[in-house]
Amino acid sequence: MSDAFPRGRTAIAGLATYGVGEAPGQTSMELTAKAGLLALADAGLALRDVDALYICQPDDFFAGLSFAEYLGIRPRYTDNNRTGGSAFMSHVASAALALDAGYIDCALIAYGSNQRTSGGKLATKITSNQWDAPYRPIFPLTAYALAAQRHMHEYGTTREQLAHVALSARAWAMTNPEAFARDPLTLEDCLATRMISTPISRADCCLVTDGAAAIVMTRTDRARDLAQEGGKPPVPVLGAAAAAWWNSIVQAEDMTVTGAKESGARAMAMAGVTHADIATAQLYDAFTINTILFLEDLGFCAKGEGGAFVESGAIAPGGSLPVNTNGGGLSCCHPGMYGLFAIAEAVRQIRGEAANQIQGVDVALAHGNGGTLSSQATVILGSAATL
Amino acid sequence: MSGPEAHWRAALAEGRFLIQRSAAGKAVFPPRLMAPGEGGALDWVEASGRGTVHSFSWIQQRPPEPSYNVAVIELDEGARLMSRVEGVREGELAIGQRVAAFVDTAGDAPLLLFRLEDAA
């Protein structure tokens, strides 16, 4: 079964992040709406042009309805997909299909949270299921710890290798003014942080920050017209695919292999690209083990070799595969769900406006993760040259 | 007529650990209405209660509260579940260790736990 996808026929026409880090005194909806308005302005569009909303907020199960009401628009289509932090990659997939079909004309995909200044903890109402909860795992952290422990057992992955994911993320963040954590970090620092749920210590966990992001999607021909009128160069969507393989990590057939293996292969096939074409990868790094698993499952290295790959410096500044060039969820920002920020950084790299700009990026990959390595979704974005 | 989950919980309350099995012989847990991915009927069988530690994590608490473990157990029948291995301290638990199930009735609801097989 192959996927039908309108390769390059839809594009990201506008983009914004807002309030990344700390945004005291602002509600999640205020941050989200501000990012949405900025993204529309970036595209050369206005609120009245939006006819489809895509959103997933951590603390509002009716966020699509709340957002439409707040903006004062009546969308023709509202998508409140709840597949966790990968929801935004799924939004790109379904928005591309609806735009190409002519079912909608302008999609606003937005996210925002004030969870750092409103409480400082991950704000989620999602918990372990009734089979896991009696044993008191820390949700979602312990699920990632179980996967990391198994990966260490099967492949000899070490805590030092996990730490290298955090070190690489920090090295990128140190030269990104938007990143929240920019202090120097050493291997010794990482290994000395407080253990939380073995083998995951504090340094293996993403940040808890505030922040909002939004992108605007239209058909590529319209995005080209907007660019001519002063908007930004369109960033065509070459492929997008999602995979849902389990909810509880306990039900994973192999907890060291995620659905990224499926979503990545499908998205790359749609896009017609190989690994050599991908200039940079933005991978949802909720925990350090994520980056290792996704590098393997997306095919940037063989299964079991992710630890050695990151230890070699391959994903750090100057490495062969620049990963999470904004600092990622580990060092740039993580306002509860990071997926849309990975997409934003991929778009910036293609536009040539990233803080840590990689030279000549024509193809970028953004990968999202939701739940406990449960939902995986991959988006491949390109420059105009890829059409 | 109650559903599979209530059936399983009622058995556990009697000290019995049940799992389900598909027509093809595949062990299924947690209890379901149908064979996952197939849709066929499932039969109840007594679980052997024997298995191995597939993965684990020690969750750290603020001292003086001790750390406790969360373990994924692979039953000999093939299904996996989350549980806790009792009677071990941090450092004594390892992937691949043999474990045996028991039902702890001390709490509000009966709870399926494991201990190392050589200690059982």
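Residues numbered from 1 in each chain as written. Chains lettered and ligands numbered in written order. Predicted model: local features only at pLDDT ≥ 70, side-chain atom pairs only at ≥ 80, totals over all residues.

1. Quick notes on the overall build of chain A
Within chain A, the regular secondary structure consists of 13 helices and eleven strands. Expected size for 387 residues packed as a compact globule is a radius of gyration near 21 Å; at 19 Å, chain A falls within 12% of this value. Along the three orthogonal principal directions, the C-alpha set of chain A runs to about 55 × 45 × 40 Å. Here chain A holds 387 residues, and 61% of them are scored as buried. Contacts spanning at least 24 positions in sequence make up 79% of the contacts within chain A whose residues lie at least 6 apart. (Helix = DSSP H or I, 4+ residues; strand = E, 2+ residues; numbered from the N terminus. Rg over C-alpha atoms; globule rule 2.2 N^0.38 Å. Buried ≥ 20, exposed ≤ 12 C-beta atoms within 10 Å, placed from the backbone. Contact = placed C-beta atoms within 7 Å.)

2. Things to note about the sheet that holds strand β3 (residues 42-46) of chain B
All names here are of chain B. The three strands are arranged β2-β1-β3 in an open sheet whose pairing can be described as antiparallel. Every interior strand has two partners, whereas the edge strands, β2 (27-28) and β3, have only one. Sheet analysis places strand β1 (residues 18-22) next to β2, joined by two bridges and oriented antiparallel. Within the sheet, the bridge partner assigned to R21 lies in β2 and is A27. (Pairing = 2+ DSSP bridges.)

3. Considering the sheet that holds strand β10 (residues 363-370) of chain A
Residues and elements named next belong to chain A. If you walk across this open sheet you meet the nine strands as β3-β2-β4-β7-β1-β8-β11-β10-β9, and the pairing is mixed. A single partner strand is all that each edge strand has here, and the edge strands are β3 (77-79) and β9 (280-283). Averaged over all neighbouring strand pairs, the angle between strand axes comes to 20 degrees, with direction disregarded. (Axes fitted to C-alpha atoms, helices over the stretch in contact; angles between N-to-C directions.)

4. Details of the interface of chain A and chain B
In this assembly, 19 residues from chain A lie in contact with 16 residues from chain B. Listing elements by their share of the side of chain A that touches chain B, those giving two or more residues are α5 (141-155) and β5 (195-197) of chain A. The biggest single contributor to the side of chain A that touches chain B is α5 of chain A, with six residues. The class makeup of the residues in the side of chain A that touches chain B is eleven nonpolar, five polar and three charged. (Nonpolar A, V, L, I, M, F, W, Y, C, P; charged D, E, K, R; others polar.)

5. Some words on helix α2 (residues 63-71) of chain A
Residue and element names in this part refer to chain A. Among all positions of α2, only A63, G64 and F67 are buried. Down the axis of α2, the buried set is contained in an arc of 100 degrees. They therefore lie on one face. Of the surrounding elements, those touching the buried residues of α2 are α1 (28-43), β2 (52-55), β3 and β4 (107-113). Following α2 by one or two positions, G72 adopts a phi angle in the positive range, close to 75 degrees. (Arc of directions from axis to C-beta.)

6. Some details on the confidence of the model for chain B
For chain B, mean pLDDT is 96; residues scoring 70 or higher make up 98% of the total. At the level of chain-chain contacts, confidence expressed as ipTM amounts to 0.97, with global pTM at 0.97. (pLDDT = per-residue confidence, 0-100.)

7. Here we look at the nonpolar core
Residue and element names in this part refer to chain A. One finds V92, I109, I215, I343 and L381 to be the most contacted residues of the largest nonpolar core, which totals 152 residues. Looking at which domains feed residues into this core, each of domain 1 (10-120 + 209-234) and domain 2 (143-201 + 239-386) gives three or more. Non-local contacts of I109, meaning those with residues more than four positions away in its chain, are made with Y54, F88, H91, V92, A95, A214, I215, M217 and L340. (Core = buried A, V, L, I, M, F, W, Y, C linked by C-beta atoms within 7 Å. Domains from an automatic or database assignment.)

8. So, the environment of T175 of chain A
All names here are of chain A. Here T175 lies in the loop between α6 (159-173) and α7 (187-192). T175 gets classed as partly exposed once you count the C-beta atoms within 10 Å, which come to 13. Residues T175 and A346 lie 171 residues apart in sequence; the distance between their C-alpha atoms is 17 Å. Beyond its immediate chain neighbours, meaning those up to four positions away, T175 contacts A355 and N356.

9. Quick notes on the domain arrangement of chain A
Interfaces are often sized by the accessible area lost when the parts come together. Residue and element names in this part refer to chain A. For chain A, the assigned domains are domain 1 (10-120 + 209-234) and domain 2 (143-201 + 239-386). Taken residue by residue, the interface counts 31 residues in domain 1 and 34 residues in domain 2. Among the secondary structure elements, those contributing two or more residues to the side of domain 1 that touches domain 2 are β1 (10-21), α3 (87-101), β4 and β7 (210-219). At seven residues, the largest contribution of residues to the side of domain 1 that touches domain 2 is made by α3. Residues that form the side of domain 1 that touches domain 2 fall into these classes: 17 nonpolar, twelve polar and two charged.

10. Quick look at the packing of α1 of chain A against α2 of chain A
Residues and elements named next belong to chain A. Two elements in contact, α1 and α2, have axes whose closest approach is 11 Å; the angle formed by their N-to-C orientations is 65 degrees. Here α2 runs roughly perpendicular to α1, going by the angle between their axes. Considering the relative orientation of α1 and α2, their crossing is right-handed. Along the contact surface, α1 presents M29, T32 and A33, while α2 presents S66, F67, Y70 and L71. (Parallel < 35°, antiparallel > 145°, perpendicular 65-115°, else oblique. Left-handed = near helix turned anticlockwise from the far one by under 90°.)

11. Let's talk about α5 of chain A
Compared with an ideal rise of 1.5 Å per residue, which puts 15 residues at 21 Å, α5 of chain A spans 21 Å between its outermost C-alpha atoms and is within 8% of the ideal. For α5 of chain A, a buried count of twelve out of 15 residues is recorded, marking the element as mostly surrounded by other parts of the structure. When we look at burial in α5 of chain A, the residues that qualify are L141, T142, A143, Y144, A145, L146, A147, A148, Q149, R150, H151 and M152 of chain A. In this fold, the buried residues of α5 of chain A make contact with α6, β5, β6 (200-201) and α10 (288-297) of chain A together with β4 (50-59) and β5 (68-75) of chain B. Residue G156 of chain A follows α5 of chain A closely and has a positive phi angle near 75 degrees. (Expected span 1.5 Å × (residues − 1).)

12. Considerations on unusual backbone geometry
Comment: phi is negative for the bulk of residues other than glycine, and the bulk of peptide bonds are trans. A cis geometry characterises the amide bond from F29 of chain B onward to P30 of chain B, with omega recorded as -5 degrees. Of note, P30 of chain B is situated in the loop between β2 and β3. Geometrically, the link from P63 of chain B to P64 of chain B is a cis peptide bond, its omega value of 10 degrees lying close to zero. Structurally, the position occupied by P64 of chain B is in the loop between β4 and β5. Residue N324 of chain A is not a glycine yet carries a positive backbone phi of 50 degrees.

13. Quick look at the packing of α3 of chain A against helix α13 (residues 339-351) of chain A
Residues and elements named next belong to chain A. Look at α3 against α13: their axes get within 7 Å of each other, and the N-to-C directions meet at 60 degrees. What the angle tells us is that α3 and α13 run oblique. Residue-level inspection shows A87, F88, M89 and V92 of α3 in contact with α13, the latter providing G339, L340 and I343. Class assignment for the residues of the contact of α3 with α13 results in six nonpolar, one polar and no charged.

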